[in-house]
Every structure is written in structure tokens, then in C-alpha cells.
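# Observations on chain architecture
If you want the building blocks of each chain, they are given just below.
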Amino acid sequence: MSQASQPQELQPPESQDSVAAAPEAGTAVSQPAEPRTSSVAALGAIVSGALILQIASTIVNTVVPLKMALEQKAPLLIGLVGSAYSVGFLAGCFVIPAFIRRVGHIRAFGVFAALQAVLTISFALTSLDFWGISRLGMGFAGAGHAICIESWISGQAKAGQRGRLFGFYQILNRLALIGSQIGVGYVSLQSHDVFLLASATFSIALIPVGMTRAKGPESGEVVSVRLNTMWQYAPASVIGCLYVGLMGGALTNIAPAYGILIGLDQAWAILLTAGIQIGALVLQWPLGLLADRVESRKIMLTATVSVVLCSLALGVVLWLSVPHTRFWLFGLFALIGAGAMPIYTVAVAHAYFRLGRERALGLSAQLLFLWATGSAIGPLVAAAFMQTVGPNGLLAYLGLLSAAAAAYLAFRLRRNPPSASPFGERPATAPTIPEVSPSGRSQGAK
């Protein structure tokens, strides 16, 4: 496709640097030099705060479905509570960017951390039947933290280091997630103390961000990429992000309860959930590197087929009651996590290759929107399967969803062989805070 035929929203905005007036000859330009450590300090503060937030969020994400399963709540109610978080996250994607632009990253981070701490306390004070309301609010605040963190890192990091920094951050984030999941096993799940611990952890996340002397990133123009443009030029990315949301929402919010419902004790139910993240951690970096060398749709196809095979193997293991069933469950769920969760990185790489990088955060916002949509639907559908056919309905859900995704990817590969980017890679513009609208159109700063 020629440059002249590119969709209008994909034309890179004019750089401010290119229109800045040069200083007159002989005029001394005095600009206070920013301390060399400011970027490092700002990045260290936000990454530290983000990792502490991950620990607190994982405690809540693991304990809520476990406690509901122990109280013998219906799987559909467990799924509704799990979906409530993603619905709140979706709502936050629409309204939070304007708030961050108005008050700044540091204040916004503090507001959302305080909100999460208060809502976590509410689990200890309210009936399980009303936990969905608290999870809805936590999803809204979680979206605020996600936008704060990603735009802060993108704004502070140098262009040549941004990809590696995000990759390193994701690895640290996954380690914090796994560690906090396993750590839950050492806290009594029969008391409300675990929620007090999680609330305190949300509050502690304020300390490194509140103490930094470095400034948060400046909020620039809001840009976006339309969903219909993504579907036209990178449909595999759309399917990939929806797939990860549908899988991840179910695995995160339903798998802990699934372990209890099939007869595992609390410790093994927690390890089952941690195994999913361990598998994702092991393949996160290799699949990201492979996406730069192998056609992305082939990687996603192979990964989804592997999830189908692992789901079938899990059904066979449970049906035959093979020896050491718990270890088989742990290993196969780890393989499911390895096949399903890292696909998001591959889908993002495919979208950037097909659509270019000049509006990276606008593109990321729409991909995040797709993931959150799937994450809101996934727990409900998985819970409906379990409500209908029993606990192993989760395996049927995972297998059928993966088979559908694999079939579509195989169809796309056969119909449209691998080709070069229709737009080509172009220089990236300065990072901005994206704002998502239902149509995908840009929303002006208010």
C-alpha cells in the first residue's frame, strides 16, 4: 500500500521539535539542566510501586474466588464477581486518562492506591454476595494504575530502551505475581486477616511514588487507532488480544475455585493458579524474541493448538485418575499458561508490524481495551460451563475457545500468507496518554 492511501488516523502527527523556532544567533539560551538521575529515580519509584501493587492485587485475586468456593457459592456467582473487576477496568479506560492529565501521574497513583486499599477492607466487612461491587471499584482503580504505570514508563524511558525496559518490567511483575500467589498459602484463609494484609500492601505502594523528587511525565496530545482499522489490517492481533482476555479472565478468577471444587486442598489450589503464571513466565521472553523472527500468526497458532492438547490431556488425567494427579494438574496448567498468556505480547508485536509504531500508545490502548473486554466475558462463560456440566466445564471452555482461535488463525494463514507491513515502520512520536472511545476516535484534552 502506498503512503498516499494510508488511513487518515495513521498519519503521524507533526513533531513539535520539527516546528520549534531556532534561537537567534548570539542569543544565550539558558535552560536548567535536569538532574541526570531524575529519569532513573522516576522509573525506580514507579516500578517499585507497581511491583508492590502487583503483590496486593494478586492476594485479592487469589483469595476472593478461594473463599467463595470454600463457602460453596455457585460457580456463576464466582464468575460474576470475577467479571466485575474487568467491567470496572473497561469503564476506567474511558474516563481515567482525562483525570490523570488534570491532576498528574503522582497524585493519580496515590488516589487509586488509596481507593484500592479501602475497597480491599470492604471484603472483610461485607457479605460475599456483595463482593462484586467492591471488585467493580477495584477494576476501575486498576485501570488507573495500569495507565499511570505504562505511560509513566514510556514517558521516562529513552526510545532505544523502551522495549527492553517494558520486557524487564513484565518479568519482574510476573515474579511478584507468582511469589504473592504462593505466599497466600502461608496466611490463614479462614480469617479476614488476609484482606487487612492486602489493604496494607496497597497503602505501602504509595511510599516509593510519594517520596520521589522526580517529576512524572508530561501529558501530551491524545491519539488513537480505530478498531475497524485494526480489524482491517491486523485481525489476528484483535483475535489474539480477545483470546488472552477470555483465557486469562477465566484462569485468574475461576482456576482457584476450580481447584477447590475438584477436591484439592487450599495449598494445592493456590499452587495450581501459580503454575499458570510460572508457565507464562518461562515462555514470556522466548516467545517475544521469536515474534521478531517468525511470522506472528504461526506462533499464535502453535500456542493455541498446544492449549487444546493440554486441555484434552487434563480431561484424560482426571477421567482415568492417574497416579500423582495433583502433579499432572500442576504441570498441564503450567503448559496452558505458557501457551495462552504470552500470546498478548505476540499479538501486540503483530499489530505494531502491520500498523506501524508512530501511534504506539494509541494502538496499545485499543489492544488493552480488547483484552479487558475478553477478560470481562471469560469468567462468566467459563462459570456457565461449570454450572452446566460440573467443575470440569472449565476444561471444556479452555479447549473449545482455543480450538476456535486456532481454526481462525489457520484460516487467515491459508487465505493471506505472511506479508510485509502495509505501512512500514516509521519513527515513533513522543509518548502520550491514550484515551479510548467506543468508536476508537481520539478525544481531545479537556
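Residues numbered from 1 in each chain as written. Predicted model: local features only at pLDDT ≥ 70, side-chain atom pairs only at ≥ 80, totals over all residues. Heavy atoms only, no water.

### Quick notes on the environment of G139
Of note, G139 is situated in helix α5 (residues 131–156). Its relative accessible area of 0% is what places G139 among the buried residues. Linking G139 and G82, residues 57 residues apart in sequence, is a C-alpha distance of 9.9 Å. (Helix = DSSP H or I, 4+ residues; strand = E, 2+ residues; numbered from the N terminus. Buried < 20%, exposed > 50% of the residue type's maximum accessible area, 1.4 Å probe, protein only.)

### Looking at the packing of aromatic side chains
What the rule picks out here adds up to 9 aromatic pairs. Both rings, one in F89 and one in W371, keep their centres 5.4 Å apart while their planes meet at 75°; by these two values the pair is edge-to-face. Linking F89 in helix α3 (residues 75–103) with W371 in helix α16 (residues 360–389), this pair joins segments that are 282 residues apart in sequence. The exposure class of F89 is buried, given its relative accessible area of 6%. (Phe/Tyr/Trp six-rings, centres within 6.5 Å; stacked < 30°, edge-to-face > 60°.)

### A word on unusual backbone geometry
Even without being a glycine, Q72 presents a positive backbone phi close to 60°. Position of Q72 among the secondary structure elements: in the loop between α2 (38–70) and α3. Although it is not a glycine, S321 adopts a positive phi angle of roughly 50°. Looking at where S321 falls in the secondary structure, it is placed in the loop between α13 (296–320) and α14 (325–340). The exposure class of S321 is exposed, given its relative accessible area of 55%.

### Focus on the confidence of the model for the protein
Confidence in the prediction for the protein averages 76 pLDDT; 73% of positions are at 70 or higher. Within the protein, helix α1 (residues 16–19) has the poorest average pLDDT of any element, 38, and helix α17 (residues 393–415) the best, 93. Below pLDDT 50 for its whole length, residues 1–37 participates in 30 contacts with residues either more than four positions away or in separate chains. (pLDDT = per-residue confidence, 0-100. Contact = heavy atoms within 4.5 Å.)

### What about the pattern of salt bridges?
The tally for this structure, following the rule as stated, stands at 2 salt bridges. Here K73 and D129 are joined by a salt bridge, their closest N and O atoms 3.2 Å apart. Placement of the pair is K73 in the loop between α2 and α3 and D129 in the loop between α4 (105–125) and α5, with a sequence separation of 56 residues. Judged by its relative accessible area of 25%, K73 falls in the partly exposed class. Using a relative accessible area of 43% as the deciding quantity, one classes D129 as partly exposed. R297 serves as the salt-bridge partner of E295, at 3.2 Å between the closest nitrogen and oxygen. No difference in accessibility class separates E295 from R297, as the two residues are buried. (Salt bridge = Lys/Arg side-chain N within 4 Å of Asp/Glu carboxyl O.)

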